[in-house]
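# Analysis of the macromolecular model
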Amino acid sequence: MKKVMMMAMMFVASATAFAGDSDALKAIIKSKNYAEAAKLVQSSLGQLADNSEKAKAYNHLVDLAMDKVSKETGTIAENMVAKQTGGKEKPVDQIGLADALSDAIDMAIECNKYDQLPNAKGKVSPKFEKKNAERIWGVRHHLVTIGQEEAQKGNSAAVLKYWGAFTDSANDPMFASQDHKPEAEYAGQVAYFAGRYAFEAKDFARADRYLEAAMKDPSQRADAENYRLWAMRSNLKTHEDSVACVNQLKAMYEKEPNNDTVLDVLNSMYDSMKDRKAQTALLDGHLAKFPNSFAALAGKGLMAMSANDAPQAIEWLKKASAAKPDNAVIYTYLGICYNQQGATTEDPAKRKEFFKNAVEVFDKAKQYDPNRQMSNWGYPRYQAYYALYGDNDPRTKAAEADK
């Protein structure tokens, strides 16, 4: 009897181990319409038996999307032949092609997420990664050209969708083994503009992701970094927003501790939050590692100015001007500090020296920024000339004309 029971249990276990697809998966696979199948996957994902079934479900969506892609790219290929032979060209559903490609990328990435997880037997055995990566990669370039056409029409939502999908696939681990070299000269630019379109759509997470991707391209790094840092600060409404922004900046700074641009923005955030302790620790810690950092030296000088400590500000700003001798803004701040020292000093000799120093640095500010595009040196420069030479001196008159 015991032997019979054991055989029955083995039969049940065997039947379970080799059971077919679940009814939910069968329904999904049966559907040959992408929109219908996508709704089924969304509504019945929790009913699928395991990670393997979920991967199969999403792979079916990839198959359906790629059917449309294959149809339209096939027509494009036929039209190329027709153009050469004088034959009749067929219409191409450009939007349908781009939408299907975007869907295929999204679903392939989702498929791969489950394809990389243990199946019912506890084993990781990806079945779809290589095939999906290869069949999608070869036709992704259509997203760039169709996205450009939609940009010319002012269709921002379509541009974000197509260029976003292109950038997502370019940076997803699933496609890491594909040949990225042919698109190296334009992928960074596509990512940069995808980031800008995402920001304009108020999709801030995607904007940050795409701009970070663009920063990997040396030709786009500066523009992408500056826009990313600006975007991070432009939508702060609450204290919690500011704290989140600071944490993001700290993470960026930890990755690139020698990046003066990130340091400067993080310092500005601490300054706006009036967190002097964190601000001082940041700048002092940076200067301990990078003594000639212009951003840190300038930051220390501006902190001293805010504290009405002109002598200390002068010391730091002089060091900053030595680190970057063509910066008109620093010369202007330095001149303002010299003016303040001259106005509050009773000793005539020292007073004259302070205003002489002020004139010298204001003249440098004018030299490097003659049209006052970076700093408004005009009026404080006139004040220094007036204090040093008097109202009737020609040099003062000339400075008055510049103010």
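Placed above this text is the structure.
To start, this report covers the structure provided alongside it. (Residues numbered from 1 in each chain as written. Predicted model: local features only at pLDDT ≥ 70, side-chain atom pairs only at ≥ 80, totals over all residues. Heavy atoms only, no water.)

A few words now on the packing of helix 8 (residues 156-171) against helix 10 (residues 204-214). Two elements in contact, helix 8 and helix 10, have axes separated by 11 Å at closest approach and are oriented at 55°. Here helix 8 is positioned oblique relative to helix 10, judged by the angle of their axes. At the point where helix 8 passes helix 10, the crossing takes the left-handed sense. Contacts between helix 8 and helix 10 involve Leu 160, Gly 164, Thr 167, Asp 168 and Asn 171 from the former and Arg 206, Arg 209, Tyr 210 and Ala 213 from the latter. Of the residues belonging to the contact of helix 8 with helix 10, the class tally is 3 nonpolar, 3 polar and 3 charged. (Axes fitted to C-alpha atoms, helices over the stretch in contact; angles between N-to-C directions. Helix = DSSP H or I, 4+ residues; strand = E, 2+ residues; numbered from the N terminus. Parallel < 35°, antiparallel > 145°, perpendicular 65-115°, else oblique. Left-handed = near helix turned anticlockwise from the far one by under 90°. Contact = heavy atoms within 4.5 Å. Nonpolar A, V, L, I, M, F, W, Y, C, P; charged D, E, K, R; others polar.)

What follows concerns helix 2 (residues 23-30). Here helix 2 has its buried residues at Ala 24, Leu 25 and Ile 28. On an axial view of helix 2, the arc spanned by its buried residues comes to 95°, and they lie on one face. In helix 2, the exposed residues that point more than 90 degrees away from the buried face are Asp 23 and Lys 30. Buried residues in helix 2 make contact with helix 3 (34-44) and helix 4 (51-85). (Buried < 20%, exposed > 50% of the residue type's maximum accessible area, 1.4 Å probe, protein only. Arc of directions from axis to C-beta.)

Looking at the secondary structure, you find Glu 225 in helix 11 (residues 221-234). By relative accessible area, Glu 225 is classed as buried at 6%. The spatial distance from the C-alpha of Glu 225 to the C-alpha of Val 262 is 8.7 Å, given a sequence separation of 37 residues. For Glu 225, the residues in contact, after removing those within four places along its chain, are Met 215, Glu 256, Asn 259, Thr 261 and Val 262.

The next thing to look at is the environment of Val 62. Within the secondary structure layout, Val 62 lies in helix 4. Residue Val 62 is classed as buried on the basis of its relative accessible area, which comes to 0%. Put simply, Val 62 and Ile 136 are 74 residues apart on the chain and 9.3 Å apart in space, counted from C-alpha to C-alpha. Those residues within four positions of Val 62 in sequence are excluded, and the remaining contacts are Ala 104, Met 107, Ala 108, Asn 132, Arg 135 and Ile 136.

Now for the packing of helix 13 (residues 260-272) against helix 14 (residues 276-289). Following both chains from N to C, one finds helix 13 and helix 14 inclined at 160°, their axes separated by 8 Å at the closest point. One way to sum up the angle between helix 13 and helix 14 is to call them roughly antiparallel. Crossing of helix 13 over helix 14 shows left-handed handedness. Residue-level inspection shows Asp 260, Leu 263, Leu 266, Asn 267, Tyr 270 and Asp 271 of helix 13 in contact with helix 14, the latter providing Arg 276, Ala 278, Gln 279, Leu 282, Leu 283 and His 286. Split into classes, the residues belonging to the contact of helix 13 with helix 14 amount to 6 nonpolar, 3 polar and 3 charged.

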